[in-house]
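Structural characterization, general
Here are the chains, one letter per residue:
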Amino acid sequence: MSTVVSASRQLDEAGDQLSATAEFASEVFAVVDLLEREHGLRRALSDTSSEAKARQGLVDAIFASKISTDCKGLLDATTRCQWRSPAALTGALERQGVRAVLRAAQQEDRLETVADELFHISRLVHGQSSLQVAIGDSNRGLSDRQQLLSTLIGDQVDNDTLILARRAVASSSGTFEQVIDGYVDIAAELAKRKRVIVTTARALTDIQRAEMVKQLERITGNPIELSEIVDPAVLGGALIDLGDEVIDSTVAHRLDQARRELG
């Protein structure tokens, strides 16, 4: 039986053969929202104890005349996957909507721009607790929360960035910042790069950035997508988050170690 990871990757392969447009992504997101509301339908479509043919029949009966050929093709592909849970199915479909927007940006050579803008939006929200609360307030209408974000960034970012930022507001899979960071990770995957987050007390110079990327590519053996955070609290040095490993050479960390050693 396929694991949820391989099922999600199977859907990546299917999605790569389909549209890379905002319209396709919007359809996929609408299907995800429907499945999130209709728990019985979501369970039925993800129930791998039933035959794929039965799940395909359900997709045909409910969606065939209501969605585009490409969106129907994506749902058809889900019936050939083995899902660990209903949430795994909707999570993988959500991923395809995000990938469609990012693939569209990639085709127009805007993927790096969109990823960079998303990262900076994440940091903007992270740095303002009142904005975090406003965007994440489930007692406030979704459209109001999305409009708040649009008002803040709408005329300053690429349209694909805005589409994904608004979608992140609607997500229930984590905080806004966590969801956005997941989008940036997907962008790095599409670019076939390893994403690394580096935190320094001052912005890196072009020479420092180039040298850091060179060294990180040597260490990891992969092309690097560098996301930068400036935080004066680290005092100096760098905190390098490789995803599966963190290298902390900051002055703040060394001072903390010295304090602990001195008791």
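Notes on the structure follow. (Residues numbered from 1 in each chain as written. Predicted model: local features only at pLDDT ≥ 70, side-chain atom pairs only at ≥ 80, totals over all residues. Heavy atoms only, no water.)

1. Considering the pairing of strand β1 (residues 194-200)
Applicable threshold: The buried label applies to any residue whose accessible area, calculated with a 1.4 Å probe on protein chains only, is under 20% of its type's maximum; exposed applies above 50%, and partly exposed to all values in between. Under the DSSP-based scheme used, a helix requires at least four consecutive residues in state H or I and a strand at least two consecutive residues in state E, with every element numbered from the N terminus. At least two DSSP bridges between two strands are needed for those strands to be called paired. A clockwise course of the path from the first strand over the helix to the second, judged with the strands pointing away from the viewer, identifies a crossover as right-handed.
Counting buried positions along β1 gives six out of seven residues, so the element sits mostly inside the fold. Judged from the seven bridges that link them, β1 and strand β2 (residues 224-230) form a sheet pairing that is parallel. Looking across to β2, one finds that threonine 200 is bridged to valine 230. Since β1 and β2 lie parallel, the crossover through helix α12 (residues 206-220) that links them has a hand, and here it is right-handed. Across four bridges, the pairing between β1 and strand β3 (residues 238-241) is antiparallel. Across the sheet, residue threonine 199 finds its bridge partner in β3, namely leucine 239.

2. Quick notes on the sheet that holds β3
The test is simple: To get an axis, a line is fitted to the C-alpha atoms, and for a helix only the part in contact is used. The angle between two axes follows their N-to-C directions and goes from 0 to 180 degrees.
Pairing in this open sheet of four strands is mixed, and the strands run β2-β1-β3-β4 from one edge to the other. Either end of the sheet is taken by a strand with one partner, and the two such strands are β2 and β4 (246-248). Averaged over all pairs of adjacent strands, the angle between strand axes in this sheet comes to 15 degrees, irrespective of strand direction. Where β3 lies against β4, three bridges are found, and the strand directions are antiparallel. Each residue of the ladder has a partner; that of leucine 239, found in β4, is aspartate 248.

3. Comments concerning helix α7 (residues 111-126)
To keep it simple, the criterion reads: Expected span of a helix: the number of residues minus one, times 1.5 Å.
In this model α7 runs 23 Å from its N-terminal to its C-terminal C-alpha over 16 residues, within 8% of the 22 Å that 1.5 Å per residue would give. Taken together, the buried positions of α7 are Leu111, Val114, Ala115, Glu117, Leu118, Phe119, Ile121, Ser122 and Val125.

4. Points about the packing of helix α10 (residues 159-170) against helix α11 (residues 176-190)
Rules: Any angle between 65 and 115 degrees counts as roughly perpendicular, while under 35 counts as roughly parallel, over 145 as roughly antiparallel, and the rest as oblique. What makes a crossing left-handed is the near helix being turned counterclockwise from the far one by less than a right angle; a clockwise turn instead makes it right-handed. Residue contacts are counted whenever heavy atoms from the two residues lie within 4.5 Å of one another.
With their axes 9 Å apart at the nearest point, α10 and α11 run at an angle of 135 degrees to one another. In terms of axis orientation, α10 runs oblique to α11. Judged by the sense of rotation from one axis to the other, the crossing of α10 with α11 is right-handed. Every residue of α11 that contacts α10 at Leu164, Ala165, Arg167, Ala168 and Val169 is listed here: Phe176, Val179, Ile180 and Tyr183.

5. Structural notes on the pattern of salt bridges
What counts, and what does not: Here, a salt bridge means any side-chain nitrogen of Lys or Arg that lies within 4 Å of a carboxyl oxygen of Asp or Glu.
Overall, the coordinates contain 20 salt bridges when judged by the stated rule. A salt bridge links arginine 99 to aspartate 16, with the shortest nitrogen-to-oxygen separation between them at 2.9 Å. Of this pair, arginine 99 sits in helix α6 (residues 86-107) while aspartate 16 sits in the loop between α1 (4-15) and α2 (22-37), and the two are 83 residues apart along the sequence. Salt-bridge contacts for arginine 110 lead to glutamate 108; the nearest nitrogen and oxygen are separated by 2.7 Å. Judged by its relative accessible area of 19%, arginine 110 is buried. On the accessibility criterion, glutamate 108 (52% relative accessible area) is exposed. Among the charged side chains, a salt-bridge network with shared partners connects Arg9, Asp12, Asp16, Arg95, Arg99, Arg103 and Glu189.

Purely geometric numbers; function is a separate question.
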